[in-house]
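# Results of the structural survey
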Amino acid sequence: LCMATAPTYDSNLFMKGISVEEFATLNESSSKPMQNRALASAYAPGSTFKVVTSLAAYRAGKFSLDRTTTCEGQVMVGKRVVKCLGYHGPIAFNLAFEKSCNSYFCKLGEAAGRDQLTKAALDVGLGAKSGLELGGESKGIVPTEEWIQKWRRPAKWYLGDTFNMAIGQGFLNTTPIQMANIAAMVANSGVIYRPHLVREMRDTFTKDDKTHVAPVIAHKIDAEPWFWTALRKALQGVIDRGTGTAARIDGVTFGGKTGSAEHGKDKLTHAWFIGFAPVEQSKISICVLIEDAGHGGDVAAPIAKQVVQHYLASLKAPANTPAAASASLVPRASAR
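Residues numbered from 1 in each chain as written. Predicted model: local features only at pLDDT ≥ 70, side-chain atom pairs only at ≥ 80, totals over all residues. Heavy atoms only, no water.

### Quick notes on the sheet that holds strand 9 (residues 255–261)
So the rule is basically this: When DSSP finds two or more bridges between two strands, those strands count as paired. Only runs of H or I of at least four residues qualify as helices and only runs of E of at least two qualify as strands under DSSP, and these elements are numbered from the N terminus. To define axes, lines are fitted to C-alpha atoms, for helices over the stretch in contact only, and angles between the resulting N-to-C directions are given on a 0 to 180 degree scale.
A sheet is described by the order of its strands in space; here 3 strands give the open sequence 9-10-11, paired in antiparallel fashion. With one partner strand each, in any of the chains shown, strand 9 and strand 11 (284–290) form the two edges of the open sheet. In this sheet, adjacent strand axes meet at a mean angle of 10° when their direction is disregarded. As defined by bridge partners, strand 9 adjoins strand 10 (residues 270–277) across 7 bridges and the pair is classed as antiparallel. Each bridged residue has a counterpart across the sheet, and for Gly 259 the counterpart in strand 10 is Trp 272.

And the structure:
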């Protein structure tokens, strides 16, 4: 439906030939305005990855809505402390998802195991290009055994790495377009379509011969219907009662997950939000990523609310209005 990156630049500078000085200013800017962050930048996904951790646990036979972990505000792994957002006490899946409990998901990731976490990440399209019709797309990073052997010394995997991956930290890196696909996967009960920016191609002269770009399934994740229903309910709970209440839209069932990804000492976290609406018969999925901005629930969720609210309102707009005309460009089969 749309894709945006910021900061940006005036593309008219290239129309008649950009000067050496002007290009150097753009190319050397610390804000990297010529980099399409939606496609070409990869970040630790933070707690948005807990969707994939849940899938990995399900596939490993370790997922249960009644499974509980006692959260004491942190998890110890060796001498290292993995902090949680609060002291949740005994906590099961739905509340753990709503509160984004790191203690719960570290233990769930441990139960699933490294191999299942890695396989689930690869199977949902992480570590690979989405196939959008633009160049420069990043694959991101899924820390497979091959990757560890190449890039880490000593080339070992530790329990702390499993904990990190389970909560979307450590070596794992994903792009916003990949995470938008993760949101769509939940809405579609395991189906991920290849994203497109092109709806159709027309003959330049006659305007009549049209070639529509048909939806293409890029990934299909098999799981029992109850699992997808449970995951959608948990994501809706995030917005109704949990860390994503700033995305709540009156009269709309909205499912989502916030994330606050650490990326260096004494830096604000990257703020993430992924989601889809309405929860049943979804029309839109979304990913918002704001660099160095703070908590996803505080920063990214309100932006997602505005975008989703505007789009859903456009679907109800009377014919021949600008909003209705904009909405009519959306191919229904791939609207998510």
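### With respect to the environment of Trp 157
Note the following rule: We call two residues in contact whenever any of their non-hydrogen atoms come within 4.5 Å of each other. In the analysis that follows, any N or O atom pair within 3.5 Å is treated as a polar contact, provided that within protein one partner can donate a hydrogen and the other can accept it, and provided that, for residues neighboring in sequence, both atoms belong to side chains.
Here Trp 157 lies in the loop between helix 7 (145–151) and helix 8 (159–166). Sequence separation between Trp 157 and Thr 144 is 13 residues, and the spatial gap between their C-alpha atoms is 9.9 Å. Excluding residues within four positions of it along the chain, Trp 157 makes contact with Arg 114, Pro 143, Ile 148, Arg 152, Thr 162, Met 165 and Phe 171. Of the polar contacts made by the side chain of Trp 157, one reaches the side chain of Thr 162; its length is 2.9 Å.

### Let's talk about the packing of helix 9 (residues 176–187) against helix 10 (residues 225–240)
Packed helix pairs are specified by the crossing angle of their axes together with the interaxial distance, meaning the distance between the axes. Rules: Roughly parallel here means an angle under 35 degrees, roughly antiparallel means over 145, roughly perpendicular means 65 to 115, and every remaining angle is called oblique. The residue classification treats Ala, Val, Leu, Ile, Met, Phe, Trp, Tyr, Cys and Pro as nonpolar and Asp, Glu, Lys and Arg as charged. All others, Gly included, are polar.
Relative orientation of the contacting elements helix 9 and helix 10 amounts to 120°, with a least axis distance of 9 Å. The angle between the axes of helix 9 and helix 10 places the two elements in the oblique class. On the side of helix 9, the interface is formed by Met 185, Val 186 and Ala 187, while helix 10 contributes Trp 228, Leu 231, Arg 232 and Leu 235. Across the contact of helix 9 with helix 10, the residue classes break down as 6 nonpolar, no polar and 1 charged.

### Observations regarding a nonpolar patch on the surface
Under the convention used in this document: Residues qualify for a patch when their relative accessible area is over 30% and they have no salt bridge, like charges being joined within 9 Å and the nonpolar side chains of Val, Leu, Ile, Met, Phe, Trp and Tyr within 5 Å. Surface accessibility in these figures is a Shrake-Rupley result with a 1.4 Å probe; residues are shielded only by whichever protein chains are displayed. Salt bridges, as used here, are contacts in which a Lys or Arg side-chain nitrogen is within 4 Å of a carboxyl oxygen on Asp or Glu. Relative accessibility under 20% of the residue-type maximum defines a buried residue, over 50% an exposed one, and the middle range a partly exposed one, all with a 1.4 Å probe and only protein chains included.
Where nonpolar side chains cluster on the molecular surface, the patch consists of Met 3, Leu 134, Leu 197, Val 198 and Met 201 and spans about 400 Å² of accessible area. Tracing the sequence through the fold places Met 3 in the segment before helix 1 (20–27). Overall, Met 3 belongs to the partly exposed group, its relative accessible area being 30%.

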